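The residues making up each chain are set out below.
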Amino acid sequence: MQGNLNHCARSQDLLDHYAAQWSIDIAVVCEPYRVLTRSNWIGDADSSVALVFGPNIAPPPLGGVIKGRGYVGGNLGTLTVVGVYFSPNRPLAHFEAFLLALTSVVNGATGPVIVAGDFNAKSALWGCPATDSRGRAMERWMASTDLVPANRGSVSTCVRRQGESIVDITLVSSSAAHRIVNWRVQEDTETLSDHRLIRFDVTSHTSEPAPTTSPSGGPRWSVRRLDRVLLEEAAVVASWAPLSSADAASGAEWLNEASRNICDASMPRVSSTAVRRRQAYWWQPELMQLQRACVAARRRYKRHRRRRLRDEGEEQALYDAYRGTCKTFRDAITKAKREAWEEWLQLLDDDPWGKPYKWVRQRLRPAAPPLTQNLHPELRSRVISALFPSRAEWHSQTVTHRAESSEDEEQEIPPVSVAELREAVRRMGQKNTAPGLDGVPGRRGSWP
């Protein structure tokens with residue numbers, strides 16, 4: 001999704017609601033009211049455009065973020081998304097320099113690129129009736145960077161009283177143009193801004209379904225629906241497969257795979273898709289009626305403007321009615337947010353250690369993969385090397401070692417007995433803790 005909020009606070013509130021209602025994964029927000037200090041918000045150098053990520057999309061790591069004046073990009077692995085905003089008040093020379101800066105971003109991407117935002121440029125390539133100087137500059141730039149417009153139709157994306165235009169553009173690499181589907185302008189959605197929202201879907205570049213993983217990085221099973229008979233039978237079948245090698249690493253890999261197969265055979269997996277909120281926390285049913293009233297008032301005003309012979313008095317009355325309806329809608333959102341905040345504070349008296357306490361302690365966070373999973377591989381390697389240096393790099397400064405006898409060096413470690421293994425399993429079963437990265441439960445009720 002992409003849109004221009006025109007620095008309106010209530011437009012940003014509506015964006016949050018629509019993102020939840022439509023289950024948006026990534027939103028390109030131009031001219032936000034403010035760039036929020038959240039992990040799923042990434043703004044550019046001057047806070048004129050931002051990328052907002054939904055709960056099912058992990059924000060890119062620090063090494064995968066590119067920022068500049070008027071643009072911000074994020075490398076998501078197989079796709080790079082760049083949000084763009086350029087002011088209409090700046091000269092053409094600055095616009096050409098801006099496109100030159102974007103060239104390095106697009107050409108430096110390792111895969112397909114989507115460039116979306118408000119360029120304030122007009123061209124017939126994306127549905128405008130005429131092409132201006134910025135549009136011609138963009139046409140030359142798109143040819144040099146192998147980008148094509150994904151805009152469909154000629155529906156205006158910016159609607160003002162002075163006129164309409166198509167300045168919100170979606171560009172994509174030509175090799176991935178077929179992956180942009182269902183591109184449309186949300187004409188029947190009130191944004192309280194002079195720009196309309198744009199939605200589109202990005203399909204996968206492969207026909208294979210994505211692996212089902214939970215936000216913590218591994219699968220999860222429903223222990224309550226465990227079939228103990230199937231569990232024992234699956235464990236017996238798994239024991240028939242011999243180990244491919246005698247080393248510890250191969251044995252651990254075999255055990256992990258066998259445990260996952262046993263769990264799949266004896267209990268169903270828990271869906272990795274969390275229950276997502278379908279509306280903003282402050283949304284009320286009355287606001288839906290006001291939203292529809294705003295859309296209806298705007299339609300009446302636009303229908304009158306399309307007439308060849310218009311009455312100025314009637315046109316002004318329709319415009320005033322539309323603006324009045326929008327003001328009522330805006331005030332209702334402000335009131336709904338205030339009531340939701342007061343209800344939130346009331347929880348302090350009812351449950352002081354509940355949601356308010358967790359919010360203050362920053363415990364209320366959306367489900368997301370762990371931070372280490374999103375780190376750049378090179379950065380992750382440096383962090384691990386610094387925290388856990390190898391024995392060859394570590395030298396003790398205070399402890400001196402005695403020379404051990406040859407008998408101590410040749411002493412063999414006794415094997416683990418069956419009784420010791422059973423005792424270890426019994427202790428693991430007593431712990432009611434969450435499973436590890438492999439997702440295999442270890443409670444007593446899960447294993448015989």
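How each quantity is defined
Residues numbered from 1 in each chain as written. Predicted model: local features only at pLDDT ≥ 70, side-chain atom pairs only at ≥ 80, totals over all residues. Heavy atoms only, no water. Axes fitted to C-alpha atoms, helices over the stretch in contact; angles between N-to-C directions. Helix = DSSP H or I, 4+ residues; strand = E, 2+ residues; numbered from the N terminus. Parallel < 35°, antiparallel > 145°, perpendicular 65-115°, else oblique. Left-handed = near helix turned anticlockwise from the far one by under 90°. Contact = heavy atoms within 4.5 Å. Nonpolar A, V, L, I, M, F, W, Y, C, P; charged D, E, K, R; others polar. Polar contact = N/O pair within 3.5 Å; in protein donor to acceptor, adjacent residues only side chain to side chain. Phe/Tyr/Trp six-rings, centres within 6.5 Å; stacked < 30°, edge-to-face > 60°. Buried < 20%, exposed > 50% of the residue type's maximum accessible area, 1.4 Å probe, protein only. Lys NZ or Arg CZ within 6 Å of the ring centre and 35° of its normal. Expected span 1.5 Å × (residues − 1). Arc of directions from axis to C-beta. Salt bridge = Lys/Arg side-chain N within 4 Å of Asp/Glu carboxyl O. Pairing = 2+ DSSP bridges. Core = buried A, V, L, I, M, F, W, Y, C linked by side-chain atoms within 4.5 Å.

Some thoughts on the packing of helix 6 (residues 285-305) against helix 7 (residues 312-350)
To describe two helices that pack against each other, one gives the angle between their axes and the distance between the axes.
Logical step 1: Interaxial distance between helix 6 and helix 7 falls to 9 Å at its minimum, and their mutual angle equals 160 degrees. Between helix 6 and helix 7, the angle is such that the two are roughly antiparallel. Crossing of helix 6 over helix 7 shows left-handed handedness. On helix 7, the residues touching Leu287, Leu290, Gln291, Ala293, Cys294, Ala297, Arg298, Arg300, Tyr301, His304 and Arg305 of helix 6 are Glu314, Glu315, Leu318, Tyr319, Tyr322, Thr325, Cys326, Thr328, Phe329, Ala332, Ile333 and Ala336.
Logical step 2: When the residues that make up the contact of helix 6 with helix 7 are grouped by side-chain class, the tally is 14 nonpolar, 4 polar and 5 charged.

Side note on unusual backbone geometry
Logical step 1: One non-glycine residue, Asn6, adopts positive backbone phi at about 55 degrees.
Logical step 2: Along the polypeptide, Asn6 turns up in the loop between strand 1 (2-4) and helix 1 (9-21).
Logical step 3: The phi dihedral of Ser23 falls on the positive side, at around 55 degrees, and the residue is not glycine.

Some words on the side chain of Arg10
Logical step 1: Inspection of the secondary structure assignment puts Arg10 in helix 1.
Logical step 2: Within the structure, Arg10 has its side chain in polar contact with the side chain of Asp13 (distance 2.7 Å).
Logical step 3: Beyond its immediate sequence surroundings of up to four residues, Arg10 is in contact with Leu192, Arg330, Ile333, Thr334 and Lys337.

A short note on the packing of aromatic side chains
Here the distance between the centres and the angle between the planes together describe a pair of aromatic rings.
Logical step 1: In the structure shown here, the tally under the stated rule is 6 aromatic pairs.
Logical step 2: Each ring, one from Phe86 and one from Phe95, has its centre 5.1 Å from the other, and the planes form 75 degrees; the classification is edge-to-face.
Logical step 3: A residue is classified by how much of its surface remains accessible, and Phe86, at 0% relative accessible area, is buried.
Logical step 4: Look at Phe95 and you get buried, because its relative accessible area is 0%.
Logical step 5: Pairing Trp282 with Trp283 gives two aromatic rings, centres 5.7 Å apart and planes at 55 degrees, and the pair type is tilted.
Logical step 6: Trp282 gets classed as buried once you look at its relative accessible area, which sits at 2%.
Logical step 7: Classification of Trp283 by relative accessible area gives buried; the value is 10%.
Logical step 8: Site record: aromatic cluster; members linked through ring pairs are Tyr71, Phe86, Phe95 and Phe98.
Logical step 9: Here Arg161 stacks its cationic end above the ring of Tyr319, 4.2 Å away from the centre of that ring.

Points about helix 1
Logical step 1: Along its 13 residues, helix 1 runs 19 Å from first to last C-alpha, staying within 8% of the 18 Å computed at 1.5 Å per residue.
Logical step 2: Positive phi shows up at Ser23, right after helix 1, with a value of about 55 degrees.

Points about helix 2 (residues 92-107)
Logical step 1: Over its 16 residues, helix 2 extends 22 Å from the first C-alpha to the last, a length consistent with the 22 Å expected when each residue adds 1.5 Å.
Logical step 2: Of the residues making up helix 2, those classed as buried are Phe95, Phe98, Leu99, Leu102, Thr103, Val105 and Val106. The buried residues of helix 2 occupy an angular sector of 165 degrees when the element is viewed end-on, so they sit on one face. Structural note: helix 2 exposes Ala93, Leu100, Ser104 and Asn107 on the side pointing more than 90 degrees away from its buried face.
Logical step 3: Of the surrounding secondary structure, the elements contacted by the buried residues of helix 2 are strand 5 (65-68), strand 6 (71-75), strand 7 (80-85), strand 8 (113-118), helix 3 (133-145) and strand 9 (147-149).

Topic: the packing of helix 2 against helix 3
Logical step 1: Running from N to C, helix 2 and helix 3 cross one another at 20 degrees; their axes reach a closest spacing of 11 Å. Classified by the interaxial angle, the pair formed by helix 2 and helix 3 is roughly parallel. Handedness of the helix 2/helix 3 crossing: right-handed. Facing helix 2, whose interface residues are Leu92, Phe95, Glu96, Leu99, Leu102, Thr103, Val106 and Asn107, helix 3 presents Ser133, Arg134, Ala137, Met138, Arg140, Trp141 and Thr145.
Logical step 2: When the residues that make up the contact of helix 2 with helix 3 are grouped by side-chain class, the tally is 8 nonpolar, 4 polar and 3 charged.

Some points on the pattern of salt bridges
Logical step 1: Taken as a whole and assessed by the stated rule, the structure comprises 11 salt bridges.
Logical step 2: With a closest N to O distance of 2.9 Å, Arg269 and Asp264 form a salt bridge.
Logical step 3: Two residues, Lys327 and Asp331, come together in a salt bridge whose shortest N-O distance is 3.0 Å. Of the two residues, Lys327 and Asp331 both sit in helix 7, 4 residues apart, roughly one turn of that helix.
Logical step 4: Assessed through its relative accessible area of 48%, Lys327 is described here as partly exposed.

Focus on the environment of Ala317
Logical step 1: Position of Ala317 among the secondary structure elements: in helix 7.
Logical step 2: The exposure class of Ala317 is partly exposed, given its relative accessible area of 44%.

Topic: the sheet that holds strand 7
Logical step 1: Strand order in the open sheet formed by 6 strands is 5-6-7-8-12-9, with mixed pairing between adjacent strands. Either end of the sheet is taken by a strand with one partner, and the two such strands are strand 5 and strand 9. For this sheet the average axis-to-axis angle between neighbouring strands, irrespective of direction, equals 15 degrees.
Logical step 2: Against the sheet, helix 2 touches strand 5, strand 6, strand 7, strand 8 and strand 9, its axis set at about 170 degrees to strand 7.
Logical step 3: Strands strand 9 and strand 12 (168-173) of the sheet are contacted by helix 3, whose axis makes an angle of about 130 degrees with strand 9.

Some remarks on the nonpolar core
Logical step 1: Within the largest apolar cluster, 29 residues are counted, with the highest numbers of intra-cluster contacts made by Met1, Leu14, Trp282, Leu287, Phe329 and Ile333.
Logical step 2: Taken together, the elements giving at least two residues each to this core come down to helix 1, strand 2 (26-30), strand 4 (49-53), helix 6 and helix 7.
Logical step 3: Here the element with the most residues in this core is helix 7; it accounts for 7 residues.
Logical step 4: The contact partners of Phe329, leaving out residues within four places of it in the chain, are Leu14, Glu190, Leu192, Trp283, Leu287, Leu290, Gln291 and Cys294.
Logical step 5: Counting residues in each nonpolar core, the second largest holds 25 residues, with Val82, Val106, Ala121 and Trp126 among its members.

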